[in-house]
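Notes for the structure review
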Amino acid sequence: MKNAIIYWFVFLAIQLIAGGIVQGIYLLWKGPGAVLDATGTILTMTLFSIATMALFLWQKWAVVSRHWMQTRPWVVLIWCVLAALGSIIPSAWLQEQMPELPNIVEEEFDMILRNRYGYFVIGLMAPLAEELVFRGAILRSLLKWNSRPWVAILISAILFSVAHMNPAQMPHTLLIGLLLGWMYYRTDSIVPGVVFHWVNNTVAYVLYNLYPNPDMTTSDIFGSEQLMAVAFSLCILVPALLQLNLRMQK
């Protein structure tokens, strides 16, 4: 448990340090009072992701192995893609039924998602860095600490959710964190989680650029067919989870 908390604080510390470095460069370049624009925010996230992965791999806090991929689990990865696609609308709909929570990073994400280079950090760097830390290091450590896997998975999901530092995202990230933790526990590999995370973030990026109004809901998009869209998505998600349960193995 102690190691997991240390890894979590290190993850947050690197984020703060990366932000401070880029902000300092901006102040020297553009003068006092300069505020990070989209490019600066993307550079911060890129520096943070690279530094995080480098440190966790260098210190061997997360261990990367090809063993699971050598089993050629292509069918499992296809079901991971389908599970990610099937989870998006039900998760968004469920979040809309909850009390509205503050979205304290809305402007920051708006800048990133509107920028064509934003996909590099949202769709590619974030899934790799976050899976390496929260599943490859934190959950791996928790599974050694506690013999009950769902306790370890729940704790890692809570840490994953809180680390996003945005109340509006926390219900979604908590549920996704549980699913990603289960995938890691069943396979001892971060690859299924990276694939799921990549698809989830990619779809979010695409949908944001198709429907750039941040206040738009599933009801606005699907109208009276909102519940049908949720049901259709569940018809993809549930079979995908059942197949993953049958096919995933260490």
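Structure shown above.
All values derive from a computational prediction rather than experimental measurement. (Residues numbered from 1 in each chain as written. Predicted model: local features only at pLDDT ≥ 70, side-chain atom pairs only at ≥ 80, totals over all residues. Heavy atoms only, no water.)

1. Side note on the side chain of Thr 187
Which entries qualify depends on this criterion: We count a stretch as a helix when DSSP gives it H or I for four or more residues in a row; a strand needs E for two or more, and each element gets its number in order from the N terminus. Polar contact criterion, stated in full: a pair of N or O atoms within 3.5 Å, where within protein one must be able to donate a hydrogen and the other to accept it, and residues adjacent in sequence count only if both atoms are side-chain atoms.
Positionally, Thr 187 belongs in helix 7 (residues 170-187). From its side chain, Thr 187 meets the backbone nitrogen of Ser 189 in a polar contact 3.2 Å long.

2. What to know about the packing of helix 5 (residues 118-145) against helix 8 (residues 191-210)
Packed helices, taken two at a time, are described by the angle their axes make and the gap between the axes. The test is simple: Working convention: axes come from line fits to C-alpha atoms, limited for helices to the stretch in contact. Angles between N-to-C directions cover 0 to 180 degrees. Any angle between 65 and 115 degrees counts as roughly perpendicular, while under 35 counts as roughly parallel, over 145 as roughly antiparallel, and the rest as oblique. Crossing chirality is assigned from the near helix's rotation relative to the far helix, an anticlockwise turn below a right angle marking it left-handed and a clockwise turn marking it right-handed. Contacts: residue pairs with any heavy atoms within 4.5 Å of one another.
One can describe the packing of helix 5 onto helix 8 by two numbers: an axis separation of 9 Å at closest approach and a directional angle of 155°. Between helix 5 and helix 8, the angle falls in the class roughly antiparallel. The interaxial crossing formed by helix 5 with helix 8 has right-handed handedness. Contact with helix 5, carried on its side by Gly 118, Tyr 119, Ile 122, Gly 123, Leu 124, Ala 126, Pro 127, Leu 128, Glu 130 and Glu 131, involves Gly 193, Val 194, His 197, Trp 198, Asn 201, Thr 202 and Tyr 205 of helix 8 and no other residues of that element.

3. Concerning the pattern of salt bridges
Where we set the bar: A pairing counts as a salt bridge when a side-chain nitrogen of Lys or Arg comes within 4 Å of a carboxyl oxygen of Asp or Glu. Any residue under 20% of the maximum accessible area for its type is buried, any over 50% is exposed, and the rest in between are partly exposed; the area is computed with a 1.4 Å probe on protein chains only.
According to the stated counting rule, one finds 2 salt bridges in the structure shown. Here Asp 110 makes a salt bridge to Arg 114, at a shortest N to O gap of 2.9 Å. Here Asp 110 and its partner Arg 114 are both found in helix 4 (residues 106-114), 4 residues apart, which amounts to about one turn of the helix. You can call Asp 110 partly exposed: its relative accessible area is 23%. One salt bridge in this structure joins Arg 135 and Glu 131, with 2.7 Å as the shortest N-O distance. On the criterion of helical spacing, the pair formed by Arg 135 and Glu 131 is a turn pair, its members being 4 residues apart in helix 5.

4. A word on unusual backbone geometry
Negative phi is the rule for most residues except glycine; trans is the rule for most peptide bonds. Phi is positive for Lys 60, which is not a glycine, with a value near 60°. In this structure, Lys 60 sits in the loop between helix 2 (38-58) and helix 3 (74-96). A positive phi angle, close to 55°, is found at Met 165, a residue other than glycine. Inspection of the secondary structure puts Met 165 in the loop between helix 6 (149-163) and helix 7. The class for Met 165 is partly exposed, based on a relative accessible area of 42%.

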